[in-house]
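# Structure at a glance
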Amino acid sequence: MKRLIPQVMLFTFIFHLTGCSQEKVIKLPQPQTSGGMPLMEALMKRGTSREFSSKELDLQTLSNLLWAANGINRPEDGLKTAPSAVNWQEIDVYVSLLKGVYIYNALENQLELYMKDDIREATGRQPFVKDAPVNLIYVADFTRMGDRDETTKHWYSAADAAFIAQNVYLFCASENLAAVIRGAVEKEELKKVMNLPAHKHVVLCQSVGYHPE
Ligand SMILES: Cc1cc2nc3c(=O)[nH]c(=O)nc-3n(C[C@H](O)[C@H](O)[C@H](O)COP(=O)(O)O)c2cc1C
């Protein structure tokens, strides 16, 4: 048994070195759902910024951001901060960070590892996307949208993603964060990079981070 201990320690060391230690689930702190800037002031300040500090967002800010984006605000009915057509809730928020891509699970208030790679650069055509600490990828799951035709599903999911994006813009205004919603995305390329199944579609991406110092 004693002889095994150094081997276990060596294994743990290599495991960490090779980056296999990524947390499969990141439990988010409870979102702070009160306070912030008065709405009318946030509307005055809402705007697009395309320059980012590479500093990562702390977990509390990330939790607040994701709750504002598409968190559950009426738990008794499972309803969310952003509306969705027919309450399909077909948009999933994928969170692309330096340490990988996570899916925001609003019900459990946690991030679930989707892939370990840093794919931020693939989330847009503009150079700043690789520096922004957070790139949100809005992905529509068409299987949640009943038997509507594809065109209808595309435009409903675009509208639903845009509501989430505006929530993010207003949160960022309130917290003095930089944000830009982006349609200039190689969506089919990104879908391949993310290995998404045919029924899931990248709708829009949104970069978020601190303003440069
Ligand atoms: C649907 C949509 C797609 C957009 N796509 C991009 C984009 O790919 N890249 C970008 O830098 N800005 C993009 N923008 C941001 C607009 O350029 C920006 O909102 C506009 O210039 C007005 O500026 P404001 O947001 O500060 O009011 C997009 C905005 C919307 C609504």
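Up top is the structure these notes are about.
The following paragraphs examine the structure supplied in this document.

What counts and how
- Residues numbered from 1 in each chain as written.
- Predicted model: local features only at pLDDT ≥ 70, side-chain atom pairs only at ≥ 80, totals over all residues.
- Helix = DSSP H or I, 4+ residues; strand = E, 2+ residues; numbered from the N terminus.
- Rg over C-alpha atoms; globule rule 2.2 N^0.38 Å.
- Buried ≥ 20, exposed ≤ 12 C-beta atoms within 10 Å, placed from the backbone.
- Contact = placed C-beta atoms within 7 Å.
- Pairing = 2+ DSSP bridges.
- Axes fitted to C-alpha atoms, helices over the stretch in contact; angles between N-to-C directions.
- Expected span 1.5 Å × (residues − 1).
- Near = placed C-beta within 6 Å.
- Nonpolar A, V, L, I, M, F, W, Y, C, P; charged D, E, K, R; others polar.
- Parallel < 35°, antiparallel > 145°, perpendicular 65-115°, else oblique.
- Left-handed = near helix turned anticlockwise from the far one by under 90°.
- Core = buried A, V, L, I, M, F, W, Y, C linked by C-beta atoms within 7 Å.

### Overview of the overall build of the chain
A count of helices and strands for the chain gives 5 helices and 9 strands. For the chain, the sequential pattern of α-helices and β-strands runs α-β-α-α-β-β-β-β-β-β-α-β-α-β. At 19 Å, the chain has a C-alpha radius of gyration in line with the 17 Å of a compact globule built from 213 residues. Dimensions of the chain, computed from the C-alpha atoms along their principal axes, are close to 65 × 45 × 40 Å. Per-residue burial over the chain gives 34% buried out of 213 residues. Taking the contacts inside the chain whose residues are at least 6 apart along the sequence as the reference set, 73% of them involve residues at least 24 apart.

### Some thoughts on the sheet that holds strand 6 (residues 110-115)
Strand pairs in the sheet, formed through backbone hydrogen bonds, run parallel or antiparallel to each other. Here we have 7 strands laid out as an open sheet, ordered 1-6-5-4-7-9-8, and antiparallel in their pairing. With one partner strand each, in any of the chains shown, strand 1 (25-27) and strand 8 (177-182) form the two edges of the open sheet. The sheet shows a mean angle of 25° between the axes of neighbouring strands, direction not considered. Two elements, strand 5 (residues 100-105) and strand 6, share 5 bridges in a ladder whose sense is antiparallel. For Y102, the partnering residue across the bridge sits in strand 6 and is L113. Strands strand 4 (91-97), strand 5, strand 7 (134-141) and strand 9 (200-210) of the sheet are contacted by helix 3 (residues 59-70), whose axis makes an angle of about 155° with strand 4. The strands touched by helix 4 (residues 150-175) are strand 4, strand 7, strand 8 and strand 9; relative to strand 9, the strand with the most contacts, the crossing angle is about 5°.

### Observations regarding helix 4
Helix length check: helix 4 (26 residues) gives 37 Å between terminal C-alpha atoms against 38 Å at 1.5 Å per residue, within 8%. K153, S157, D160, A161, I164, A165, N167, V168, Y169, F171, C172 and A173 are the residues of helix 4 that are buried. Buried residues along helix 4 sit in contact with helix 2 (39-45), helix 3, strand 4, strand 7, strand 8 and strand 9. N176, located one to two residues past helix 4, shows a positive phi value of around 55°.

### Looking at the pairing of strand 9
Most of strand 9 is tucked away: 9 of the 11 residues are buried. As defined by bridge partners, strand 7 adjoins strand 9 across 8 bridges and the pair is classed as antiparallel. The residue of strand 9 that forms the bridge with I137 is C205. Here strand 8 runs beside strand 9; their pairing, made up of 6 bridges, is antiparallel. By the bridge assignment for strand 9, I181 is matched with Q206.

### Remarks on the site of the ligand
Near the ligand you find G47, T48, R50, Q126, V180, I181, R182, G183 and A184, and these make up its full shell. Each residue belonging to the shell around the ligand can be placed in one class, and the counts come to 3 nonpolar, 4 polar and 2 charged.

### Observations concerning the packing of helix 3 against helix 4
In the contact formed by helix 3 and helix 4, the axes pass within 7 Å of each other and the chain directions differ by 140°. Considering the angle they form, helix 3 stands oblique to helix 4. Helix 4 is crossed by helix 3, and the crossing has right-handed handedness. In contact with T61, N64, L65, A68, A69 and N70 of helix 3, helix 4 contributes I164, N167, V168, F171 and E175.

### So, helix 3
When the terminal C-alpha atoms of helix 3 are compared, their 16 Å separation across 12 residues agrees well with the 16 Å that a helix rising 1.5 Å per residue should span. Most of helix 3 sits out of view: 9 of its 12 residues are buried. Contacts from the buried residues of helix 3 go to strand 3 (79-80), strand 4, strand 5, strand 7, helix 4 and strand 9.

### Details of the nonpolar core
Within the largest apolar cluster, 49 residues are counted, with the highest numbers of intra-cluster contacts made by V93, L136, Y138 and V168. Those elements that provide at least two residues to this core are helix 3, strand 4, strand 5, strand 6, strand 7, helix 4, strand 8 and strand 9. The leading source of residues in this core is helix 4, at 8 residues. Here V168 is in contact with L65, A68, A69, L136, A179, Q206 and V208, once residues within four sequence places are set aside.

These values are about where atoms sit, not about what they do.
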